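What follows is the residue order along each chain.
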Amino acid sequence: MSPSQEFHTAIVPAAGLGTRFLPATKSVPKELLPVLDTPGIELVAAEASDAGAERMIIVTAPGKDAVARHFERDYELERVLTARNKPAMSAKVQRASNLLRIETALQPEPLGLGDAVACAEPHLTGRDEAVAVLLPDDIVLPSGVLTRMAAVRQRYGGTVLCAFPAPREQLSAYGVFDLTDTDDVQVKRVRAMVEKPDPQDAPSTFACAGRYLLDRAVFDPLKRVLPGARGEIDLTDAISELIDEGHPVHVVVHTGRRHDIGNPAGMVRAAVEFLLEDQISGPDFRDWLRMRLDDAR
């Protein structure tokens, strides 16, 4: 079995209110806000597809139908673009519909990431011995970490997560790992996880990025986990139960870049990075940015 065959389904939680982007998210779901010209959820869908996923379950909330509609073809728009001799733009608007099969699962109340993942379980089939979970707020660059995670699962079995080194003062915003080494410096075994610890008490400075390759076994503890202090069911608690039961959990250490596009500043950083790498617009933007930074000094 190739690493890409370790999973067939990706789950993308998209039921949040997007409060950090109000008032824009009064009418536009946060997941459809663009990084340059591409919605964040399309970026993670492309990442999942590249890693071998065949379908994507979008966990959504009442009134957020537009997120799934983005992945439907718009034949009239394509016809207009073709008539105006804009084949490249027509291909661009078709990309989302060609990536994966899309299904939706409803999360009636915002009860946390663990609950969102559990809401997708009825859509899983006998092929889904493991599922990928991608948080659309997290852009992990360069792409390819899911493929590395699948290779680690193929070697060690169990569940595989993605870790990144974070400044200690920021650890209270993340799930943080207690790790032990393996014979690969970029792969570590997880001894424990702590959700949003006090930075002084954190067991390491390795935080959980928004990429998970979860063994199907995780759905059993998800049924038992009780809501925490914030009234939410944490996926971290379910994974911690698996660790206590002897289930192997490993992390792939990501040493590239990560952008949290769930807040405006992170969205701008991601857009700047994408624009700097654009072969057409990048050079002019780079010149403007240098000039603007000089003016700001």
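Small disclaimer: the values here were computed from a predicted structure and weren't measured. Within each chain, residues carry numbers counting from 1 in the order of the written sequence. With pLDDT at 70 or above as the cut-off, local features in this predicted model cover only qualifying residues; side-chain atom pairs require 80 or more to be listed or tallied, and sums for whole chains, interfaces and linings still use all residues. To obtain the side-chain values, all non-hydrogen atoms of the structure were included, while hydrogens and water were left out.

1. With respect to the nonpolar core
Then comes step 1: Core analysis: the biggest nonpolar cluster contains 52 residues, and Phe7, Ile41, Met56, Ile58, Leu134, Met149 and Leu213 have the highest contact counts within it.
Then comes step 2: To qualify as a helix, a DSSP run of H or I must reach at least 4 residues; to qualify as a strand, a run of E must reach at least 2; elements of each kind are numbered from the N terminus. The biggest single contributor to this core is helix α1 (residues 40–50), with 6 residues.
Then comes step 3: Here, residues are in contact when the closest pair of their heavy atoms is within 4.5 Å. Aside from chain neighbours lying at most four places away, what touches Leu213 is Phe7, Ala130, Val131, Ala132, Met149, Ala150, Arg153, Gly158, Thr159 and Val160.
Then comes step 4: Residues belong to a common nonpolar core when they are buried Ala, Val, Leu, Ile, Met, Phe, Trp, Tyr or Cys residues joined through side-chain atoms within 4.5 Å. Type-normalised accessible area, obtained with a 1.4 Å probe on protein chains alone, sets the label of each residue: buried when under 20%, exposed when over 50%, and partly exposed for intermediate values. Ranked by size, the runner-up nonpolar core spans 34 residues in total, among them Cys119, Leu135, Val218 and Leu235.

2. What to know about helix α9 (residues 264–276)
Then comes step 1: Over its 13 residues, α9 runs 18 Å from end to end, which matches the ideal 18 Å to within 8%, given 1.5 Å per residue.
Then comes step 2: Taken residue by residue, α9 has Gly266, Met267, Ala270, Ala271, Glu273 and Leu275 as its buried positions.
Then comes step 3: Packed against the buried residues of α9 are β2 (34–35), β7 (138–141), β13 (257–260) and α10 (282–296).
Then comes step 4: The backbone nitrogen of Ala265 has a side-chain oxygen 3.2 Å away, supplied by the residue at the start of α9, namely Asn263. A helix is expected to reach a length of 1.5 Å times the quantity of its residues less one. Distance and chemistry together define a polar contact, namely a pair of N or O atoms within 3.5 Å, with one atom able to donate a hydrogen and the other to accept it when in protein, and with adjacent residues in sequence counting only for side-chain atoms on both sides.

3. Some thoughts on the pairing of strand β10 (residues 187–195)
Two faces belong to every sheet, and in a regular strand the side chains alternate between them.
Then comes step 1: Two strands make a pair as long as DSSP finds a minimum of two bridges between them. Relative to β10, strand β9 (residues 175–181) runs antiparallel, the two sharing 7 bridges. Paired with Leu179 across the two strands is Val190, which belongs to β10.
Then comes step 2: The antiparallel pairing of β9 with β10 creates a hairpin that spans 5 residues between the two strands.
Then comes step 3: Bridging between β10 and strand β12 (residues 249–253) involves 3 bridges; their strand directions are antiparallel. Note on β12: the bridge partner recorded for Arg189 is His250.

4. Points about the UniProt feature "domain: Nucleotidyl transferase" (unreviewed entry) in the protein
Then comes step 1: Following the UniProt record, one finds the feature "domain: Nucleotidyl transferase" (unreviewed entry) at residues 10–272.
Then comes step 2: Helix makes up 31% of residues 10–272 and strand 27%, whereas the separation of the span's terminal C-alpha atoms amounts to 27 Å. UniProt positions are given in the numbering used here, feature names are shortened, and annotations may be inferred rather than shown by experiment.

5. Examining the pairing of strand β1 (residues 9–14)
Then comes step 1: Counting buried positions along β1 gives 6 out of 6 residues, so the element sits mostly inside the fold.
Then comes step 2: Residues Thr9, Ile11 and Pro13 line one face of β1 and the alternating positions Ala10, Val12 and Ala14 line the opposite face, and both faces are buried.
Then comes step 3: Where β1 and strand β4 (residues 55–60) come together, 6 bridges link them in parallel fashion. Within β4, the position partnered with Ala14 by the bridge is Thr60.

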